[in-house]
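For reference, the chains in residue letters:
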Amino acid sequence: MLTLTERDKTLLWHPFTQEKTAKDIIGITRGSGSYLYDEAGREYIDLISSWWVNLHGHAHPEIANSICLQAKTLEHVIFAGYTHTPAVSLCENLGKLLPETLQRYFFSDNGSTAVEVALKMSFQYWRNLGNSKRKHFICLEGGYHGDTFGAMTVGQSSGFHNSFLDALSRVFAIPFPATWDNDLDVDRKESNSIKALESYLEVHGEEIVAIILEPLVQGASGMRMARPSFFEKVIKLVRSYDILVIFDEVMTGFGRTGTDFALHQICELPDFVCLSKGLTGGFLPLALTVTTDRVYSAFLSNEWRYAFAHGHSYTANPIACAAAVASLEILERPETRAAISSLSQAHRRGLDHLQSKCGFVRHTRVKGAISAFELTLNDPDSVKTMANLKYKFQESGLILRPLGNTVYLLPPYCTTLIDLENSYTKIASILEKI
Ligand SMILES: *Cc1c(COP(=O)(O)O)cnc(C)c1O
């Protein structure tokens, strides 16, 4: 009998994969808590929450039950002209966590579409107000916002979309003042970024629709972190030109940075928040773009042309919404919040251990349940070494996917401290040997 890996190989084309050089992919048959099991019965600890979506562990019984019940009650209904309990309840419950000004919810079904919606809404907002001068977006260097064309446009400096640069309109990217533990240069980096923004805005401030940014942590460009005060300065400055502010919290949302949302650590509020990934606890695709009354009311008119003409077939799918309601309820439990802060402390101890064992571990940093560090490898084959590292981790039962020279851990909140400690010990012994 053929294995899953063999059956897959002749048929499937996997995402973000160089199919020619990638080693055999692994067939996963089941998951439980922080663990995944392959078809040979081997276990792996999922230290990246399956591409940052999982919150409370795999196959969580409460979320699974909620999905099952909803599937037997109402699996789907068109969301134009109709509504349903899971969608309304989800937004009511999210409303208790989000700022008072952000209480208008637009559904879609993945992170890229949540971003597209925010870009399109902000663009049309100015058109609806009769302002056609504002045409461009600003973003942060290294920002990643998804793989559709609009999302690629504002994420073109991430390096993920280089084959498409000719098809993308130009955007201005503010240098990102990435920082880490004991970084003595952070003030200078931040003031350089602000100066670059100031001089750009002096010329182009009136042409800008909105700024989009990943608050506190840039995920895909390598878990790059910046201080809250930097984001506050940026927002104050763009506000003085009436520019709208979009927070892409697709990765940072739902406790990942230590607070429910990254925006809770920043004193200036955005006009849009994009949510996906952790929204359903990692069970089903779903997304929300949340905005203000100010934006919403610009679309109200007796004329159709002012309406937001955008929607997806599976918008607000009831089963996905039911998963999200259940996941949010678990997130709000005191024990979940306590687990996130224990993970944060365990990351600190783990990074200390790594640094004491491996001299080439640099730029350690922790934000909430996320930890990251760089490997400064001197060998000329460092790109290959980094690429192989993923497989070395895998052979030791660790699911990790380094980004460039960055290794990061982003475990589900149910991960036990012992499992996390053991993972750091394994990582140290693998790194010691390279
Ligand atoms: C993953 C990600 C996206 C894209 O989400 P998809 O669901 O993969 O389309 C957008 N923004 C950020 C910050 C992300 O991390």
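See the structure shown above.
In what follows, the accompanying structure is described.

What counts, and where the lines are drawn
- Residues numbered from 1 in each chain as written.
- Predicted model: local features only at pLDDT ≥ 70, side-chain atom pairs only at ≥ 80, totals over all residues.
- Heavy atoms only, no water.
- Helix = DSSP H or I, 4+ residues; strand = E, 2+ residues; numbered from the N terminus.
- Buried < 20%, exposed > 50% of the residue type's maximum accessible area, 1.4 Å probe, protein only.
- Contact = heavy atoms within 4.5 Å.
- Pairing = 2+ DSSP bridges.
- Axes fitted to C-alpha atoms, helices over the stretch in contact; angles between N-to-C directions.
- Near = heavy atom within 4 Å.
- Polar contact = N/O pair within 3.5 Å; in protein donor to acceptor, adjacent residues only side chain to side chain.
- Nonpolar A, V, L, I, M, F, W, Y, C, P; charged D, E, K, R; others polar.
- 1 Å grid on protein atoms, 1.4 Å probe; cavity = no way out; pocket = protein on both sides within 12 Å on 5 of 7 lines; lining within 4 Å.
- Points joined across faces, edges and corners; volume = space filled by probe spheres on them.
- Salt bridge = Lys/Arg side-chain N within 4 Å of Asp/Glu carboxyl O.
- Expected span 1.5 Å × (residues − 1).
- Patch = residues over 30% accessible without salt bridge, like charges linked within 9 Å, V, L, I, M, F, W, Y side chains within 5 Å.
- Areas by Shrake-Rupley, 256 points an atom, 1.4 Å probe, with all protein chains shown as cover.

This next bit is on the environment of V234. Looking at the element boundaries, V234 is found in helix α8 (residues 228–239). The exposure class of V234 is buried, given its relative accessible area of 1%. A sequence separation of 34 residues divides V234 from E268, and the C-alpha atoms of the two residues are 9.5 Å apart. Discounting residues that sit within four places of it in the chain, V234 has contacts with I174, I194, L197 and I211.

Hydrogen bonding along the main chain pairs the strands of a sheet, whether they run parallel or antiparallel. What the 3 strands build is an open sheet, ordered β13-β14-β16; its pairing is antiparallel. Either end of the sheet is taken by a strand with one partner, and the two such strands are β13 (361–367) and β16 (406–409). Neighbour-to-neighbour, the strand axes of the sheet open up by a mean angle of 15 degrees, direction not taken into account. Pairing of β13 with strand β14 (residues 370–375) involves 5 bridges; the strand directions are antiparallel. Across the sheet, V366 pairs through a bridge with S371, a residue of β14. The strands touched by helix α13 (residues 417–432) are β13, β14 and β16; relative to β14, the strand with the most contacts, the crossing angle is about 5 degrees.

This brings us to the site of the ligand. The full set of residues close to the ligand is W52, N110, G111, S112, Y144, H145, G146, E214, D248, V250, M251 and K277. Contact distances for the ligand include 2.8 Å between an oxygen atom and a backbone N or O atom of G111. In the environment of the ligand, a nitrogen atom lies 2.6 Å from a nitrogen or oxygen atom belonging to the side chain of D248. A class-by-class count of the residues in the shell around the ligand yields 4 nonpolar, 5 polar and 3 charged.

Looking now at the layout of surface pockets. Over the atoms, a rolling probe the size of a water molecule traces out where space has been left empty. The calculated volume of the second largest pocket comes to roughly 560 Å³. Lining the second largest pocket are 20 residues; nearest its centre among them are Y105, F106, F107, F308 and H310. Put simply, the parts of the chain that give the lining of the second largest pocket at least two residues each are β4 (104–108) and α9 (293–297). The biggest single contributor to the lining of the second largest pocket is β4, with 4 residues. Here the residues of the lining of the second largest pocket are counted per class, giving 12 nonpolar, 7 polar and 1 charged.

Quick look at the sheet that holds strand β15 (residues 398–399) now. A sheet is described by the order of its strands in space; here 4 strands give the open sequence β1-β2-β3-β15, paired in mixed fashion. Both outer strands of the open sheet, β1 (28–32) and β15, are each paired with one neighbouring strand and no more. Examined bridge by bridge, strand β2 (residues 35–38) and strand β3 (residues 43–46) share 3 bridges and lie antiparallel to one another. Across the sheet, the residue bridging to Y37 is E43, located in β3.

Okay, the pattern of salt bridges next. Taken as a whole, this structure holds 16 salt bridges when the rule is applied. The shortest N-O distance in the salt bridge between R333 and E62 comes to 2.7 Å. Of this pair, R333 sits in the loop between α10 (318–331) and α11 (334–357) while E62 sits in helix α3 (residues 61–73); the two residues are 271 residues apart in sequence, bridging distant segments of the chain. For R333, a relative accessible area of 24% gives the class partly exposed. Salt-bridge contacts for R365 lead to E374; the nearest nitrogen and oxygen are separated by 2.8 Å.

Right, let's get into the pairing of strand β11 (residues 272–275). Burial along β11 is two-sided: the face carrying F272 and C274 and the face carrying V273 and L275 are both buried. Across 3 bridges, strand β10 (residues 244–248) lies against β11 in parallel orientation. Counted as the bridge partner of F247 is V273 from β11. The pairing of β11 with strand β12 (residues 287–291) spans 4 bridges and is classified as antiparallel. Its bridge partner being in β12, C274 is matched across the sheet by T289.

So, about the environment of L2. Among the secondary structure elements, L2 is positioned in the segment before α1 (4–9). According to the relative accessible area criterion, L2 is exposed, its value standing at 55%. Once the C-alpha coordinates of L2 and Y44 are considered, the two residues, 42 residues apart in sequence, prove to be 22 Å apart.

With that settled, consider unusual backbone geometry. Non-glycine residue N182 carries a positive phi angle of around 55 degrees. Relative to the assigned elements, N182 resides in the loop between β6 (172–174) and α7 (186–204). Judged by relative accessible area, which is 75%, N182 ranks as exposed. You will see that D242, though not glycine, has its phi angle at about 65 degrees, which is positive. In this fold, D242 is placed in the loop between α8 and β10. You can call D242 partly exposed: its relative accessible area is 42%.

To continue, consider α8. The terminal C-alpha atoms of α8, which comprises 12 residues, lie 17 Å apart, in line with the 16 Å expected from a rise of 1.5 Å per residue. Three or more residues of α8 are buried, namely F230, F231, E232, V234, I235, L237 and V238. Turning to α8, the residues buried within the fold contact β5 (136–140), β6, α7, β7 (208–213) and β10.

On the surface, F16, W51 and F160 cluster together into a nonpolar patch covering about 280 Å² of accessible area. With respect to the element layout, F16 can be found in the loop between α1 and β1. Residue classification places F16 among the partly exposed residues on the basis of a relative accessible area of 42%.

Geometric descriptors of this kind do not, in isolation, establish any biological role.
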